[in-house]
Amino acid sequence: MIEAIVAISILSMIGLGVVLFQQSVLRSTKTLQSSLMAEAQARRVLMNFVTEMRTAKRSPAGAYAIESAATSSIVFYANIDTATDTERVRYFTATATAPFGGMVVKKGVTKPTGTTYNTANERTWNVVFDVKNGTSTALFSYFDSSYTGTTSPLTTPISVPSVRMIRMQVLIDPNAARSPIPKSFMTQVTPRNLKSNL
């Protein structure tokens, strides 16, 4: 009888250890998987941003290639699809709606009607979730023609005609309550039509 109780106790402890280990592995796997998905999402958005921004050009009405520039948003004109039209493209931060919550980076695209852009027709969608950029880390930084690699960004308000290079930096953390700490993804782009060193 005592041997049976001891055996059951030992088996129960082993079973509990296996269950706790399995829960730990599953939780770590879920954290790693969400981190890898967020990382892939951020890299894809940065690649798209570089491709689009590099081709920024004047609007059909003759507006400057960059319409507006702020630390949390940028609006520019570029042909981002297979059509011949020049779209108005906007990247900006916003608060996500349920079920996501938190901050997201959104992209908005407005197709032209002739040479005008009706922003009421802008199509927007979330492109990066779990964004942790705050006041200390700007989503966008802007540099003028004197940028040497270590120069400070232009101060706000941004003088749009001075912009020659744009840096986009996204901090993401899919699970802020657990490690790892937020990851930073950054890219820099010089729009071809704004180069001054040709």
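Above this note sits the structure.
Residues numbered from 1 in each chain as written. Predicted model: local features only at pLDDT ≥ 70, side-chain atom pairs only at ≥ 80, totals over all residues. Heavy atoms only, no water.

A. Seen up close, the overall build of the protein chain. Scanning the protein chain from N- to C-terminus turns up one helix and eight strands. In the protein chain, the succession of α and β elements from N to C terminus is α-β-β-β-β-β-β-β-β. Taking all 198 residues of the protein chain together, 34% fall into the buried category. Counting contacts in the protein chain only where the partners sit at least 6 residues apart, residues at least 24 apart contribute 52% of the total. (Helix = DSSP H or I, 4+ residues; strand = E, 2+ residues; numbered from the N terminus. Buried < 20%, exposed > 50% of the residue type's maximum accessible area, 1.4 Å probe, protein only. Contact = heavy atoms within 4.5 Å.)

B. Summary view of the nonpolar core. In terms of nonpolar packing, the biggest core is built from 33 residues, with Phe-49, Ile-66, Ile-74, Phe-76, Tyr-91, Ile-166 and Met-168 touching the most fellow members. Counting only elements with at least two residues in this core, the list comes to α1 (2-54), β1 (66-69), β2 (73-78), β3 (87-95), β5 (123-131), β6 (140-143), β7 (165-172) and β8 (183-189). The element best represented in this core is α1, accounting for seven residues. Excluding anything up to four places from it in sequence, Met-168 contacts Val-45, Leu-46, Phe-49, Tyr-91, Val-105, Leu-139, Phe-140, Phe-185, Met-186 and Thr-187. (Core = buried A, V, L, I, M, F, W, Y, C linked by side-chain atoms within 4.5 Å.)

C. Highlighting the packing of aromatic side chains. Summed over all chains, the structure comprises six aromatic pairs. Ring geometry for Phe-49 versus Phe-76: centroids 6.3 Å apart, planes at 80°, classification edge-to-face. With Phe-49 in helix α1 and Phe-76 in strand β2, this pair connects stretches of sequence that are 27 residues apart. Judged by relative accessible area, which is 0%, Phe-49 ranks as buried. Seen from their ring centres, Phe-49 and Tyr-91 are 5.3 Å apart, and the 90° between their planes marks the pair as edge-to-face. With Phe-49 in helix α1 and Tyr-91 in strand β3, this pair connects stretches of sequence that are 42 residues apart. According to the relative accessible area criterion, Tyr-91 is buried, its value standing at 1%. A connected cluster of aromatic rings, assembled from ring pairs, spans Phe-49, Phe-76, Tyr-91 and Phe-140. (Phe/Tyr/Trp six-rings, centres within 6.5 Å; stacked < 30°, edge-to-face > 60°.)

Any link to function would need more than the numbers given here.
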